[in-house]
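Residue-level listing of the chains:
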Amino acid sequence: MADHLRRIADLASVLGARACVFGALGLRDPGETAPPKALEIARPFFRSIAPHFASRGVSLCIEANPAIYNYRFLTHTQQALEFVRAVDQDGITLQFDTGTVFADAESPSLAPELVRHIEHVHVSQSNLTPVEEGGFNHEAIGAALRSSGYRGWISAEMKATGDWRAAPSNAYAFAHRFYL
């Protein structure tokens, strides 16, 4: 996996990308390993690949994935932040996902400590429903990001929708309204 991730960093650098998100559930499933032991294994692994990402001007962004997706490792934003801080290496940053905030009923306010570590933001909702569908307080999170000074990339993340031709422009308009 380390070699594969280094190649991802190389490719991202050539393409001019600054952030790669490490959120794939299958690759991050600790199996029967208890979360504390998984963290003990993961920290040195990410420390070892961080310099390669940093040398390419790219960050590997750690994403929290909520338990509603049958996941049990780094399931809350605060846990992902603590992991990034424990790795403590340039090249490993935080990917902030609004869907995780909603799924885990996390506060929409963003502590300065959190914002300092964010390299990429996913605008999403629980279960990856189309972002423009109601029921989630994107306004509060968008206001918190704007007031924090965050100026990095923001992308919409959602499942395929029946109206796939209109979905990208709808998601863009929604993200622009609340996050930019």
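Look a little higher up for the structure.
Residues numbered from 1 in each chain as written. Predicted model: local features only at pLDDT ≥ 70, side-chain atom pairs only at ≥ 80, totals over all residues. Heavy atoms only, no water.

Caption draft 1: Inspection of the pattern of salt bridges at higher detail. One pass over the full model with this rule turns up six salt bridges. For Glu-113, the salt bridge identified is with Arg-85, shortest N-O distance 3.2 Å. Linking Glu-113 in helix 6 (residues 112-117) with Arg-85 in helix 4 (residues 77-87), this pair joins segments that are 28 residues apart in sequence. Glu-113 sits in the partly exposed class, given a relative accessible area of 23%. We classify Arg-85 as partly exposed; its relative accessible area is 40%. As a salt-bridge pair, Glu-113 and Arg-116 come within 2.2 Å of each other at their nearest N and O atoms. Of this pair, Glu-113 and Arg-116 both sit in helix 6, three residues apart, which is roughly one turn of the helix. The exposed category is assigned to Arg-116, whose relative accessible area is 59%. Connected through shared salt-bridge partners, Arg-85, Glu-113 and Arg-116 make up one network. (Salt bridge = Lys/Arg side-chain N within 4 Å of Asp/Glu carboxyl O. Helix = DSSP H or I, 4+ residues; strand = E, 2+ residues; numbered from the N terminus. Buried < 20%, exposed > 50% of the residue type's maximum accessible area, 1.4 Å probe, protein only.)

Caption draft 2: Local environment of the packing of aromatic side chains. Taken as a whole and assessed by the stated rule, the structure comprises five aromatic pairs. With a centroid separation of 5.5 Å and an interplanar angle of 90°, the aromatic rings of Phe-46 and Phe-83 are classed as edge-to-face. With Phe-46 in helix 3 (residues 35-55) and Phe-83 in helix 4, this residue pair connects regions lying 37 residues apart in the sequence. Here Phe-46 matches Phe-83 in class, with each residue buried. Aromatic pair Phe-102 and Phe-136: ring centres 4.9 Å apart, planes at 40°, arrangement tilted. Of the two residues, Phe-102 is situated in helix 5 (residues 98-103) and Phe-136 in the loop between strand 4 (118-123) and helix 7 (138-148); the sequence distance between them amounts to 34 residues. Since its relative accessible area comes to 17%, Phe-102 is described here as buried. Here the aromatic residues Phe-22, Phe-45, Phe-46 and Phe-83 are joined through ring pairs into a cluster of three or more. (Phe/Tyr/Trp six-rings, centres within 6.5 Å; stacked < 30°, edge-to-face > 60°.)

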